[in-house]
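Chain by chain, the residues run as shown.
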Amino acid sequence: MLKHVELCLELVNDLTVTPRQGRHLGVDQRIGDAFTDLAESERWQKFPLAGADVDVLTEAAVRLRVAVDACIAGDLHSAARALNEVLADHGAVPNLHGAAVLAFHAVDANVVDAWAAESATSLAFLVGTRQTHRLGTCEAEACDAYFLDVTKNTSRRFCSLACQNRAKSAAYRQKRRVKLS
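Residues numbered from 1 in each chain as written. Predicted model: local features only at pLDDT ≥ 70, side-chain atom pairs only at ≥ 80, totals over all residues. Heavy atoms only, no water.

Draft legend 1. Structural view of unusual backbone geometry. Despite not being glycine, R130 shows a phi value in the positive range, around 55 degrees. Its place among the elements puts R130 in the loop between α6 (111-128) and β3 (135-137). (Helix = DSSP H or I, 4+ residues; strand = E, 2+ residues; numbered from the N terminus.)

Given below as structure tokens:
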């Protein structure tokens, strides 16, 4: 389930957050990169991503971002309302694919509905298990990306090692400037 939350946040970041430092990809390329993990998974191979799906996928990501923002703000009622709408609109239904793979989208769902249903379900799982404190926004100066904190003490502050390194380097340079003044 946490892997689905991470994928959800990656797509929300790529489709709704201002492009992150060092990431200047077009929407189609960003979607393609984000779906690489899914495409390699046997259960997702039957879902082709067509160009016509981009707008619907982006709209679903925007709605999921509303839920993530509500979770981070501690407004679980708003988060639940937003997630319930996405779950209903994209036909989220629990079922078993193959022998024993639990999925939360209709067996005949297209890739956008499958992604939206799985993502909304994974975020709903965080809300329902009171784990929304694990969602965070990067503290790097030029980054607003979301992340899932899976550390034991929930101490993560940055979306990536690159943002962490940039922030630490900037703090070091600032400290040296003050020291030299």
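Draft legend 2. Region of the structure containing α6. The end-to-end C-alpha separation of α6 is 25 Å, in line with the 26 Å expected for 18 residues at 1.5 Å each. Within α6, 14 of the 18 residues are buried, which leaves the element mostly enclosed by the surrounding structure. The N-cap of α6, judged by a side-chain oxygen 3.0 Å from the amide nitrogen of V112 a few residues on, is N110. Once α6 ends, the next one or two residues include R130, with phi positive near 55 degrees. (Expected span 1.5 Å × (residues − 1). Buried < 20%, exposed > 50% of the residue type's maximum accessible area, 1.4 Å probe, protein only. Polar contact = N/O pair within 3.5 Å; in protein donor to acceptor, adjacent residues only side chain to side chain.)

Draft legend 3. Molecular detail of the side chain of R63. Relative to the assigned elements, R63 resides in helix α4 (residues 53-73). For R63, a relative accessible area of 17% corresponds to the buried category. If near-sequence neighbours (up to four positions away) are discounted, R63 is found in contact with A82, E85, V86, D89 and H90. (Contact = heavy atoms within 4.5 Å.)

Draft legend 4. Fine view of the environment of L15. As for its placement among the helices and strands, L15 is situated in helix α1 (residues 2-16). Counting along the chain gives 47 residues from L15 to V62, while the straight-line C-alpha distance between them is 7.7 Å.

Draft legend 5. A look at the nonpolar core. One finds V5, L9, L64, L83, W115, L123 and L135 to be the most contacted residues of the largest nonpolar core, which totals 32 residues. When contributions to this core are tallied by element, the ones reaching two or more residues are α1, α4, α5 (76-89), α6 and β4 (146-148). Apart from residues lying up to four places away in sequence, L135 is in contact with V5, L9, C71, I72, L126, F147 and L148. Judged by nonpolar contacts, the second largest core, of eight residues, contains A140, A145, F158 and C159. (Core = buried A, V, L, I, M, F, W, Y, C linked by side-chain atoms within 4.5 Å.)

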